[in-house]
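Coordinate analysis (summary)
Chain by chain, the residues:
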Amino acid sequence: MQPERGKKFPEQFFFEHPHGSQVSLKDFIELELPEILQLSSEQLKGSLERGNIKFYNEYGLDAIQIRKSIGQIEAGTMVCLGQKVDIIRGFPKIRRTLMLGPALEKHFSQKIALEEKMNGYNVRIARINDRIYAFTRGGYICPYTTKKANQLMDMEDFFNQHPQLVICGEMVGTDNPYVSQYYPEIGQLDFRIFDVREKLTNIPLPVLKRRKLLEEYGLPPVRFFGIYDTRNSAGEILDIVRKLGEKDREGVVIKDPDMQIPPLKYTSSQAHASELEYAFSYPFDLGQPFFFSRVIREGFQSFEMGESGADMQIRAQRIGESILYPMLETIRLIADGKVAAEDLEIEIDSPAEADDFVRYLRSLGVIATVEEVKNGKAVIRRLHQSTSDKIGNFLNGGLY
Ligand code: ATP
Ligand code: MG
């Protein structure tokens, strides 16, 4: 039986268990999975009933996709079935600090490791049943990312020696269908690794050990600023973040060198502004969820950086412009009879790949179409429907 994606969980679905017998998925979830994931059978059953566990069957992989966290098990965890049961845990959320100085001292022990935070999208790469797959945040295999990651990096040796490890990193660059940002050292598309974790336990390697391992295999790490004493490092980190911001770079992630304490993130004013700019290009689709948190970050950053006078004014102007200008541009566009849409460009080898990618986006609930296929590139148009509808309505005198 070939169950449909995203539909009710196929209770009668049987799979070839690594032990050699045919096992029903339902039995597997209720009887075996609790022990593997150290959850109770009731927890898993409850999740299954609420629709938070889905059967996933794409690109030759049968898996159980965990869409909402269950106890310690993160959303985006994939239980991959096949030659053996392989668990790729979801990538943990990274909390944010608003006041660097006090947060560092409260959160970390004596030392911290500082790395650059790259602005792209989170990808976990693992070898499952002899194939190397790239998973996006929610635990979906992205066909584009899987293909590109394999072209950009030679991971064969690494996975031959370390089949139990998962490479976690950021896909970055302009040819990036999710978060497109230009970096001079990256250009169109590249990958930067910020974590290496164990399958099943999700235990990360210590920072320096991870960096050394990546170097041995010629795999590309994120930029490393060094190990610092936690006390009194805030000033230096603020300087680094200020300089990163001046180059329109996103910020930093601060880590426990042993990776036993969860990391924290801290971002530049320019990153906040550029996210606001994006959100307010589509105000009725993205404006609200983006707005409040970015403005709050700016308030605390300005305070901690001790700004006054001109510095403060530059910041105020940057936030204001990043909200008002893109919104005005979109209002003008709709007034001109156009629609609010964003065009993403991806490299493809055949038109089918573009269709595949759109099908994947739609499965995530995104309204997208293939706009154009030309010279090995596809333009994918993503529509922001509420923005078009609402602005159109207000332009015609509709009331707010
Ligand atoms: P979340 O905090 O849940 O990940 P988010 O999508 O808002 O949510 P970001 O604000 O971008 O994520 O911050 C966390 C993400 O930053 C990580 O999931 C990872 O993809 C990315 N990242 C980039 N560089 C690093 C780095 N050096 N170390 C860790 N994560 C990094
Ligand atoms: Mg990000």
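Residues numbered from 1 in each chain as written. Chains lettered and ligands numbered in written order. Predicted model: local features only at pLDDT ≥ 70, side-chain atom pairs only at ≥ 80, totals over all residues. Heavy atoms only, no water.

**Quick word on helix 11 (residues 351-363)**
Each full turn of the α-helix corresponds to 3.6 residues, which orients residues three or four apart in the same direction. We apply this condition: Counting from the N terminus, the helices are DSSP H or I runs at least four residues long and the strands are E runs at least two residues long. Given the number of residues in a helix, its expected span is that number minus one, multiplied by 1.5 Å. In this scheme, a residue with accessible area under 20% of its type's maximum is buried, one over 50% is exposed, and one in between is partly exposed, where area comes from a 1.4 Å probe on protein chains only. Throughout, the arc means that of the directions going from the helix axis to the C-beta atoms. Any two residues whose heavy atoms approach within 4.5 Å at even a single point are treated as in contact.
Taking 1.5 Å as the rise per residue, helix 11 with 13 residues should run 18 Å; its terminal C-alpha atoms sit 19 Å apart, in good agreement. Turning to helix 11, its buried residues are Ala354, Phe357, Val358, Tyr360 and Leu361. One side of helix 11 carries all its buried residues, which in axial view fall inside an arc of 160°. Tucked into the core, helix 11 has its buried residues touching strand 10 (131-136), helix 4 (143-152), strand 16 (341-347), strand 17 (368-374) and strand 18 (377-383).

**Focus: the environment of Glu321**
Along the chain, Glu321 turns up in helix 10 (residues 309-335). For the pair Glu321 and Lys212, spaced 109 residues apart in sequence, the C-alpha to C-alpha distance is 43 Å.

**So, the domain arrangement of the chain**
Test applied: Domain start and stop positions are those given by an automatic or database domain assignment.
Each assigned domain of the chain is listed with its residue range as follows: domain 1 (14-88), domain 2 (95-264), domain 3 (270-331) and domain 4 (341-383). Taking only C-alpha atoms, the centre of domain 1 and the centre of domain 4 are 31 Å apart.

**Quick look at the site of ligand 1**
We count it as follows: Throughout, the term near means that a residue has one or more heavy atoms lying within 4 Å of the molecule or strand in question. Between N or O atoms, a polar contact is any pair within 3.5 Å; within protein, one atom must be a potential hydrogen donor and the other a potential acceptor, and residues adjacent in sequence are included only when both atoms are from side chains. Only the protein chains shown count as cover for residues, and the accessible areas themselves come from Shrake-Rupley with a 1.4 Å probe. Polar here means any residue other than Ala, Val, Leu, Ile, Met, Phe, Trp, Tyr, Cys and Pro, which are nonpolar, and Asp, Glu, Lys and Arg, which are charged; Gly is therefore polar.
Around ligand 1, the structure places 16 residues, and the nearest of them are Lys93, Lys117, Arg137, Glu170 and Lys265. Between ligand 1 and the protein, one listed contact pairs an oxygen atom with a side-chain N or O atom of Lys93 at 2.6 Å. Interatomic distance of 2.9 Å between a backbone N/O atom of Glu116 and a nitrogen atom of ligand 1. For ligand 1, whose accessible area on its own is 600 Å², the fraction buried by protein is 82%. Elements with a contribution of two residues or more to the shell around ligand 1: strand 8 (111-117) and strand 14 (251-255). A per-element tally of the shell around ligand 1 places strand 8 first, with 3 residues. Its residues assigned to classes, the shell around ligand 1 comprises 6 nonpolar, 1 polar and 9 charged.

**Examining the environment of Asn57**
In this fold, Asn57 is placed in strand 3 (residues 53-58). Placed 278 residues apart in sequence, Asn57 and Ala335 show a C-alpha to C-alpha distance of 44 Å. A polar contact of 3.0 Å, which involves the side chain of Asn57, links it to the side chain of Asp62.

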